[in-house]
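Architecture and fold: a report
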Amino acid sequence: MNNSYKSGRLSRAGRFSRQKMNLTPIIILVCVLLSFIIAMVLGNYLGDIAEQSQNTTTTPGDSSQLSPPVVDKVNPSINLNAYFADMTGADPELSLSLQTENAREKGNSLFIELIDSYGKLIYTSDKASDIGYPCRDNLSLDRLANHFAYYDDYAVAHFKSDFSANLDADQRVKVQSDEILIISEACEGAFSEVIVEFEGNITKSNLIYYQSYLLNLKLACEGVPIGVKLSYSFLANSENSGLVADIMKFADYYVFDIGELDADGIEGALAPIIYLLERYENAVILGRGEGDSAVLVARIEALRNKGVESYIVK
């Protein structure tokens, strides 16, 4: 019998040795294939990112192109029929109903301005004292909260902010931190909603600062509807439609003031912004006027004819 099969290069040991020698190119091939697969997966991932960023020209110093996170909307629980209650004249010895009763009888909610004409908070609180925030001393937040709770009031706070994109970085951080602390404290025990009115104009170049403020405010006031007050002229300018959309990513509704317009004037003023009225939650501030109830009823009806159900009579 020819034993050449069992000896030399073709022996069992020889075949085993040769197989071991051939593992090296196999390993190299596997590594190449794995590298190719990883490269394909990574390429697809980066391609998705690039596609999402298409037509943008973001640079490190261009804050207008940054994309902050999306936040959940908190819809207002009622259509506001709110009337202004001036708390600046509250007497420490007399009932707060002197300030709130009229507004309570006329509407379904109270509209309270938290900052007076001198830039002071209308009440005192521990947190306001801790950070040295200027405030009046004739009313405390605890007393205000207890009053609202007793009458089961739905109270809407209007906070006129000192925050502005024109401040330097340290000032922006300080103002935002102090104000959000004040607002969140107010919402914890007293107010059902809050409307913020910013200092200065919102533009494409400074938008990110105001978005950041609203984002942090919503995180601090979880479950509380957050409104932002915008001017009618800002809303009526079609060039600002993109800015409004970007602001409304971080606010639950917007508010604007139409002053003393009569019913016909109101319908005419709302026509140019009908898309915004239909697209986003909103409320309109009406001047109290001369106090003629029939005139006010006609003005409110004009709002409803344009689909506006929430209003604030100031």
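Presented here is an overview of the structure given in this document. Note that the structure is predicted; figures quoted are calculated from it, not measured.

Parameters and conventions
- Every residue gets a number counted from 1 within its own chain, in the order that chain's sequence is written.
- Only residues with pLDDT of at least 70 are given local features in this predicted model, and only at 80 or more are side-chain atom pairs given and counted; all residues enter the totals for whole chains, interfaces and linings.
- Water and hydrogen atoms were dropped before computing side-chain values, which therefore reflect all heavy atoms in the structure.
- The helix count covers DSSP runs of H or I at least four residues long, the strand count covers runs of E at least two residues long, and both are numbered beginning at the N terminus.
- Each residue's exposure class comes from its accessible area (1.4 Å probe, protein chains only) as a fraction of the maximum for that residue type: buried when under 20%, exposed when over 50%, partly exposed otherwise.
- Surface exposure here means Shrake-Rupley accessible area, sampled with a 1.4 Å probe, where a residue is shielded only by the protein chains that are shown.
- In what follows, a contact means two residues having at least one pair of non-hydrogen atoms within 4.5 Å.
- Only strands joined by at least two bridges in the DSSP assignment are considered to pair.
- Fitted lines through C-alpha atoms give the axes, limited to the stretch in contact for helices. The angle between two N-to-C directions lies from 0 to 180 degrees.

Considering the overall build of the protein
- Helix and strand content of the protein: 11 helices and eight strands.
- Going through the 314 residues of the protein one by one, you find that 39% of them count as buried.
- Only carbon and sulfur atoms are counted for the fraction: they give 52% of the accessible area of the protein, which is about 17,900 Å².

With respect to the environment of Ser192
- By secondary structure assignment, the location of Ser192 is in the loop between α5 (169–189) and β4 (193–197).
- The spatial distance from the C-alpha of Ser192 to the C-alpha of Ser77 is 9.2 Å, given a sequence separation of 115 residues.
- Residue contacts for Ser192: discarding those within four places in its chain leaves Tyr154, Ala155, Val224 and Pro225.

With respect to the environment of Glu301
- Structurally, the position occupied by Glu301 is in helix α11 (residues 293–305).
- Given a relative accessible area of 41%, Glu301 falls into the partly exposed group.
- Along the sequence, Glu301 and Ile266 sit 35 residues apart, while their C-alpha atoms lie 9.8 Å from each other.

A look at the sheet that holds strand β8 (residues 311–313)
- One closed barrel holds the eight strands; their spatial order is β1-β2-β3-β4-β5-β6-β7-β8, and the pairing between them is parallel. The sheet shows a mean angle of 25° between the axes of neighbouring strands, direction not considered.
- Pairing between strand β6 (residues 253–257) and strand β7 (residues 282–286): four bridges, direction parallel. Residue pairing across strands places Asp257 opposite Ile285, the latter belonging to β7.
- Strands β1 (81–84), β7 and β8 of the sheet are contacted by α11, whose axis makes an angle of about 155° with β7.

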